[in-house]
Amino acid sequence: QVQFVESGGGLVQAGGSLRLSCAAAGIAFRITAFGWYHQAPGKEREFVAGVYRDGSANYTDSVKGRFAISRDNAQNTVYLRMDSLKPEDTAVYYCNFLMSSFSVPSLWSKWGQGTQVTVSS
């Protein structure tokens, strides 16, 4: 069965950094594209970053130059390095499959528990 386990979130001051991790199971990891998504209170879940099976990446405009997604195929893990964090980055961060056109997977699909990122001013 497909499982995603996110970790690495926490409380950080504006300008600080975090590295999120997503351990994926039940997946042919090496041939799969993954994405990070976030959801702030009262907001829709949104695409943040995606990494393809060749390691290339795409980002939403608001995080370009600040976040970096990567993957470790040997560990079945996807990472999100977050630098220069801003209060508006505050959200629960989830990983899942990367969808066509960077849409968000269905809320009825399998999601992990997410990891909370809180950025204080």
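Our subject in this report is the structure included herewith. (Residues numbered from 1 in each chain as written. Predicted model: local features only at pLDDT ≥ 70, side-chain atom pairs only at ≥ 80, totals over all residues. Heavy atoms only, no water.)

Let us look at the sheet that holds strand S4 (residues 34-39). Spatially, 6 strands are ordered S2-S10-S9-S4-S5-S6 in an open sheet, and the strand pairing comes out mixed. The two strands at the open ends of the sheet, each matched to only one other strand, are strand S2 (10-13) and strand S6 (57-59). Adjacent strand axes in the sheet meet at a mean angle of 25°, parallel and antiparallel pairs treated alike. The pairing of strand S9 (residues 91-97) with strand S10 (residues 115-120) spans 3 bridges and is antiparallel. Paired with Ala91 across the strands is Val117, a residue of S10. (Pairing = 2+ DSSP bridges. Helix = DSSP H or I, 4+ residues; strand = E, 2+ residues; numbered from the N terminus. Axes fitted to C-alpha atoms, helices over the stretch in contact; angles between N-to-C directions.)

This paragraph deals with the packing of aromatic side chains. Across all of its chains, the model carries 7 aromatic pairs by this definition. Their ring planes at 80° and their centres at 5.6 Å tell us that Tyr37 and Trp111 sit as a pair that is edge-to-face. Here Trp111 lies in the loop between S9 and S10 and Tyr37 lies in strand S4, a separation of 74 residues in the sequence. Taking the relative accessible area as the measure of exposure, Tyr37 reaches 0% and is therefore buried. By relative accessible area, which is 12% here, Trp111 ends up buried. Through successive ring pairs, a cluster of aromatic residues spans Tyr37, Phe47, Tyr94, Phe102 and Trp111. One Lys or Arg, Arg45, reaches over the ring of Tyr94 and ends 3.9 Å from the middle of that ring. Positioned above the aromatic ring of Trp111 is the side chain of Arg45, whose terminal nitrogen or guanidinium carbon lies 4.5 Å from the ring centre. (Phe/Tyr/Trp six-rings, centres within 6.5 Å; stacked < 30°, edge-to-face > 60°. Buried < 20%, exposed > 50% of the residue type's maximum accessible area, 1.4 Å probe, protein only. Lys NZ or Arg CZ within 6 Å of the ring centre and 35° of its normal.)

The next subject is the pattern of salt bridges. Scanning all chains against the criterion turns up 3 salt bridges. For the salt bridge of Asp61 with Lys64, the shortest nitrogen-to-oxygen distance reads 3.0 Å. Close ionic contact of Asp83 with Arg81 constitutes a salt bridge, the shortest N to O distance being 3.1 Å. By relative accessible area, Arg81 is classed as partly exposed at 40%. (Salt bridge = Lys/Arg side-chain N within 4 Å of Asp/Glu carboxyl O.)

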